[in-house]
Amino acid sequence: MQNYEQIFNRRGKSYQLAMEKYPHARDEEFKTAVRKLILKPNSAVLDIPAGGGYLASYLLNKNVHYLGYDFSGEFDDNHTGIRKCKEASIDLEKNSVDEVVSLAALHHISEREAFYSEMYRVLKPGGQLIIGDVASGSKLEYFLNGFLDSWNSMGHQGKFLKESDIIELRQSGFRVDKQEEVYAWRFANANEAMDYFRLLFCLDLNPTDRELLKALKNLGVKEENGFSVSWGLTFLICQK
Ligand SMILES: C[S@@+](CC[C@H](N)C(=O)[O-])C[C@H]1O[C@@H](n2cnc3c(N)ncnc32)[C@H](O)[C@@H]1O
């Protein structure tokens, strides 16, 4: 059986290509996450798992020190500068990081409690772990564990955010506040949106445009000033 590391090693290139081809599609999502950070000059911001380090460009001009880590080796090259680590162990000192961002990825983290404890260890007192992920029972869960699972040959079975995560985060020592955010992924037109979704989610079993468009319409689309797909994550603001 494949584990997620193997899956991401295969999926990573396609994901990276989507993010390079359409670097502004998820602007609102990254900006939403950045707005939740408490930044001081020279703050150390850990992005985990960072993929290709896309968050970094939203932190330019903020005078912070960006640290990008991923569990998959696929992003770990000279191009992205992303380092590899494990869910439960990262090569950073205790109390060394001001803010941690974990965006759109918790649903693939299997050792959740160990991950929370490790983030608690590296954060400075008063620092925050900002988790943004899909809520269990949401339309996005059905899109990812239904549509994507059917059209990606490696499948997709994410474990999305539940109340039990909040309980486990509190047991790890965090104070937790939950915030729901709704925004859009934006494109010039429907063809670009479909190209992005095919690449980002590696839809290698090739759904037709009709099938893909139907899935996007189930999420909610708007065709004014381009083409946008309704998206939204639950954010957990966890303070040490
Ligand atoms: C959907 S991407 C999110 C990346 C980035 N934070 C973003 O918002 O674009 C999911 C990330 O989780 C990583 N990942 C999560 N769990 C993993 C695991 N168990 N093994 C390998 N990689 C994992 C992948 O490498 C990938 O970078």
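Residues numbered from 1 in each chain as written. Predicted model: local features only at pLDDT ≥ 70, side-chain atom pairs only at ≥ 80, totals over all residues. Heavy atoms only, no water.

As annotated in an unreviewed UniProt entry, the chain carries the name Methyltransferase domain-containing protein and comes from Ekhidna lutea.

## Comments concerning the overall build of the chain
If you tally the helices and strands in the chain, you get 7 helices and 8 strands. Whereas a compact globule of 240 residues would reach a radius of gyration of roughly 18 Å, the chain reaches 17 Å, a difference of no more than 12%. Summarising its shape, the C-alpha atoms of the chain cover approximately 50 × 40 × 35 Å along the three principal directions. Here the chain holds 240 residues, and 53% of them are scored as buried. Taking the contacts inside the chain whose residues are at least 6 apart along the sequence as the reference set, 72% of them involve residues at least 24 apart. Accessible area of the chain: about 11,600 Å², with a carbon and sulfur share of 49%. Distance between charge centroids for the chain: 2 Å, based on 30 positive and 34 negative side chains. (Helix = DSSP H or I, 4+ residues; strand = E, 2+ residues; numbered from the N terminus. Rg over C-alpha atoms; globule rule 2.2 N^0.38 Å. Buried < 20%, exposed > 50% of the residue type's maximum accessible area, 1.4 Å probe, protein only. Contact = heavy atoms within 4.5 Å. Areas by Shrake-Rupley, 256 points an atom, 1.4 Å probe, with all protein chains shown as cover. Lys, Arg positive; Asp, Glu negative; His and termini not counted. Charge placed at Lys NZ, Arg CZ, Asp CG, Glu CD.)

## Digging into the nonpolar core
Of all hydrophobic cores here, the largest spans 46 residues; its most connected members are F143, W185, Y196, F197, F201 and W231. Excluding its chain neighbours within four sequence positions, the residues that come into contact with Y196 are A18, M19, Y22, A25, R26, W185 and F187. Core analysis: the second largest hydrophobic core is formed by 27 residues, I90, L92, L106 and V176 among them. (Core = buried A, V, L, I, M, F, W, Y, C linked by side-chain atoms within 4.5 Å.)

## A short note on the packing of helix α3 (residues 112-122) against helix α5 (residues 163-171)
Geometrically, a packed helix pair is captured by the angle between its two axes and the distance between the axes. Orientation of α3 relative to α5, taken along the N-to-C sense of each, is 45°, at an axis distance of 9 Å. With respect to α5, the element α3 is oriented oblique. In this structure, α3 crosses over α5, and the sense of that crossing is right-handed. Contacts between α3 and α5 involve R112, E113 and Y116 from the former and D165, E168, L169 and Q171 from the latter. Grouping the constituent residues of the contact of α3 with α5 by class yields 2 nonpolar, 1 polar and 4 charged. (Axes fitted to C-alpha atoms, helices over the stretch in contact; angles between N-to-C directions. Parallel < 35°, antiparallel > 145°, perpendicular 65-115°, else oblique. Left-handed = near helix turned anticlockwise from the far one by under 90°. Nonpolar A, V, L, I, M, F, W, Y, C, P; charged D, E, K, R; others polar.)

## Examining the pairing of strand β5 (residues 123-133)
In terms of burial, β5 is largely enclosed, as 8 of its 11 residues are buried. Where strand β4 (residues 97-103) lies against β5, 6 bridges are found, and the strand directions are parallel. Considered in β5, the bridge of S102 is made with I131. Taken together, β4, α3 and β5 constitute a β-α-β crossover, and its handedness is right-handed. For β5 and strand β8 (residues 227-239), the ladder comprises 6 bridges, and the chain directions are antiparallel. What sits directly across from Q128, in β8, is Q239. (Pairing = 2+ DSSP bridges. Right-handed = clockwise from strand over helix to strand, strands pointing away.)

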